[in-house]
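Here are the chains, one letter per residue:
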Amino acid sequence: MTSAMEFRRPVPTDGEAILNALPNPVLLVAPDGRIVDANIAAESFFEISTQFLRRQSLKELVPFGSPLLALIEQVRASGSPVNEYKVDLGTPRIGGDRQVDLHVAPLTERPGHIVVMLQERTIADKMDRQLTHRSAARSVIALAAMLAHEIKNPLSGIRGAAQLLEQQASSEDRLLTRLICDEADRIVTLVDRMEVFGDDRPVARGPVNIHSVLDHVKRLAQSGFARNVRFIEDYDPSLPPVLANQDQLIQVFLNLVKNAAEAVADLGTDAEIHLTTAFRPGVRLSVPGKKSRVSLPLEFCVKDNGSGVPEDLLPNLFDPFVTTKQTGSGLGLALVAKIVGDHGGIIECESQPRKTTFRVLMPMYSAAKQHDHSNRDDVPGTSSPASQDAR
């Protein structure tokens, strides 16, 4: 909401205040299909102001032939509320994958008028996918421990034997012994990278200013791999600190920004990376053994205008060894998912051509709960049913 829009309604009525307090988008549709009113959540969902929404017909905002239009006519004819689940309202302007649950009801005080409430499904579905990501990460932890023990020791012997042979080998054979040493070193390096997944030592966490982290990452990127990329920043200056380890957050966002820079490398002067921060109340994650849910109100996004991620890779993008790069190992995003998960957060990717978004949701710092959040039992780590409060 802009300050001008806030000025137009400085003293909302009780009804308006209650409507705007709802985290779910709500629309009031007139008999002719025109939008009469909308709450703040609807502005955010459709990415336009209420003033502009009131000039629109609903069919101009939703996909052609959307089931929502038929539901409204059904409710208008029957006079009874109707619910519909997992309906895609995605459009190129607001995003290609916007699944929602629809709750449509008549407004008895105004005949012919229909109230439409949307409950977005994407966050809940993405939380469910986080459990798969974490399960995959646990598999890699076990694999890393096995590799470290069963592979590195024999490799050391192989490399030592090759070095001994090299002392007595001919010039032509030395190329082969050197190849053996180089390949042994390469395997050890890969195993060392995987051992990071098995590091379960507690990490010191506290209040971290995410904007300081992003500024640091941007400076590193602009001095190296992203020197020719234009950065756009859209920050919420009032954002509270995040409960995190600053070094690990830098690692997360440096990896995400590096991926974005590689995705836009062929765009030349049109290459853009968009960094955003926002407060999104309403998203919470259920934790086994806890009556309360962990709130994840802090949203940090890294967006790029590259060609996008292939659709068939999106569901498994954070799994180990899944990569879109010809020379990539597929461990970078898996490590990012592990770090974010260890912090009690979630990460997901939405992608379409010229608009790829990596979204990180994390808990905010609370001095009163710092001790609880520092305890791993209070952070969703391995298996937790995901849920979503009304968004």
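Worth saying up front: this structure is predicted, and the values here are computed from it rather than measured.

Novice: What should I look at first to understand the overall build of the protein in this one?
Specialist: Within the protein, the secondary structure is distributed over 12 helices and 14 strands. Going through the 391 residues of the protein one by one, you find that 42% of them count as buried. For the protein, the proportion of contacts with a sequence separation of at least 24, taken over those separated by at least 6, is 66%. Carbon together with sulfur atoms contributes 53% to the accessible area of the protein, which is approximately 20,300 Å² in total.

Novice: When you look at the confidence of the model for the protein in this model, what are you seeing that I'm missing?
Specialist: Parts of the prediction with low pLDDT should not have their coordinates interpreted in detail. Mean pLDDT over the protein: 77, with 72% of residues reaching 70 or higher. Looking over the protein, one finds the lowest element-wise mean pLDDT in helix 1 (residues 3-8), namely 42, and the highest in strand 7 (residues 230-234), namely 95. pLDDT under 50 marks residues 1-10. Its contacts with residues more than four places away, or in other chains, come to 12 contacts. This model gives residues 371-391 a pLDDT under 50, and the stretch forms 67 contacts once residues within four places in sequence are excluded.

Novice: In this structure, what is going on with the pairing of strand 13 (residues 346-352)? I would like to understand it.
Specialist: Along any regular strand the residues' side chains alternate between the sheet's two faces. Among the 7 residues of strand 13, 5 are classified as buried, and the element is accordingly described as predominantly covered. Here 7 bridges tie strand 13 to strand 14 (residues 355-362), and the two strands are oriented antiparallel to one another. Bridge assignment links Ser351 to a residue of strand 14, and that residue is Thr356. Turn length for the strand 13-strand 14 hairpin, with the two strands adjacent in sequence and antiparallel, is 2 residues, and the turn residue Arg354 shows positive phi of about 70°.

Novice: Explain the environment of Ala260 to me, please; I cannot follow it from the model alone.
Specialist: Along the polypeptide, Ala260 turns up in helix 10 (residues 246-263). Of the residues examined, Ala260 reaches a relative accessible area of 2% and is grouped as buried. Along the backbone, Ala260 and Gly308 are 48 residues apart, and their C-alpha atoms lie at a distance of 9.7 Å. Ignoring any residue separated from it by four or fewer positions in sequence, one finds Ala260 in contact with Ile273, Val302 and Asp304.

Novice: Help me out: how do you make sense of the packing of helix 10 against helix 11 (residues 332-342) in this one?
Specialist: Angle between the axes and distance between the axes: these two values describe a pair of packed helices. Running from N to C, helix 10 and helix 11 cross one another at 145°; their axes reach a closest spacing of 10 Å. Crossing geometry of helix 10 relative to helix 11 is assigned as left-handed. Contacts between helix 10 and helix 11 involve Gln248, Gln251, Val252, Asn255, Leu256 and Asn259 from the former and Gly332, Leu333, Leu335, Val336, Ile339 and Val340 from the latter. In the contact of helix 10 with helix 11, the residues fall into 7 nonpolar, 5 polar and no charged.

Novice: How should I be thinking about the pattern of salt bridges in this particular structure?
Specialist: Between side chains of opposite charge, a pair can form as their charged atoms come close. The tally for this structure, following the rule as stated, stands at 12 salt bridges. A salt bridge links Glu166 to Arg178, with the nearest nitrogen and oxygen atoms 3.3 Å apart. Of this pair, Glu166 sits in helix 7 (residues 152-168) while Arg178 sits in helix 8 (residues 171-195), and the two are 12 residues apart along the sequence. The exposure class assigned to Arg178 is partly exposed, which follows from its relative accessible area of 33%. Close ionic contact of Lys218 with Glu233 constitutes a salt bridge, the shortest N to O distance being 3.2 Å. In this pair, Lys218 is assigned in helix 9 (residues 210-222) and Glu233 in strand 7, connecting sequence segments 15 residues apart. Assessed through its relative accessible area of 17%, Lys218 is described here as buried.

Novice: Looking at this structure, how should I read the nonpolar core?
Specialist: In this structure, Leu249, Phe253, Leu256, Ile273 and Phe300 are the most contacted members of the largest nonpolar core, which totals 42 residues. Mapped by element, the contributors of at least two residues to this core are helix 9, strand 8 (242-244), helix 10, strand 9 (272-279), strand 12 (298-304), helix 11, strand 13 and strand 14. Among the elements that take part in this core, helix 10 stands out by supplying 8 residues, more than any other. Dropping the residues within four chain positions of it, Phe253 is found in contact with Ile210, Val213, Leu214, Val217, Phe300, Val302 and Val360. Core analysis: the second largest hydrophobic core is formed by 25 residues, Ala38, Ala42, Ile114 and Leu118 among them.

Novice: Is there a simple way to explain the packing of aromatic side chains in this structure?
Specialist: The relative placement of two aromatic rings is captured by the distance of their centres and the angle of their planes. Per the stated rule, a full pass over the model turns up 2 aromatic pairs. Judged by centre distance (4.9 Å) and plane angle (80°), the ring pair of Phe45 and Phe46 falls under edge-to-face. Taking the relative accessible area as the measure of exposure, Phe45 reaches 4% and is therefore buried. Judged by centre distance (6.1 Å) and plane angle (65°), the rings of Phe253 and Phe300 are edge-to-face. Here Phe253, found in helix 10, pairs with Phe300, found in strand 12; they are 47 residues apart in sequence, far enough to count as distant. Each of the two residues, Phe253 as well as Phe300, counts as buried.

Criteria and thresholds
Residues numbered from 1 in each chain as written. Predicted model: local features only at pLDDT ≥ 70, side-chain atom pairs only at ≥ 80, totals over all residues. Heavy atoms only, no water. Helix = DSSP H or I, 4+ residues; strand = E, 2+ residues; numbered from the N terminus. Buried < 20%, exposed > 50% of the residue type's maximum accessible area, 1.4 Å probe, protein only. Contact = heavy atoms within 4.5 Å. Areas by Shrake-Rupley, 256 points an atom, 1.4 Å probe, with all protein chains shown as cover. pLDDT = per-residue confidence, 0-100. Pairing = 2+ DSSP bridges. Axes fitted to C-alpha atoms, helices over the stretch in contact; angles between N-to-C directions. Left-handed = near helix turned anticlockwise from the far one by under 90°. Nonpolar A, V, L, I, M, F, W, Y, C, P; charged D, E, K, R; others polar. Salt bridge = Lys/Arg side-chain N within 4 Å of Asp/Glu carboxyl O. Core = buried A, V, L, I, M, F, W, Y, C linked by side-chain atoms within 4.5 Å. Phe/Tyr/Trp six-rings, centres within 6.5 Å; stacked < 30°, edge-to-face > 60°.

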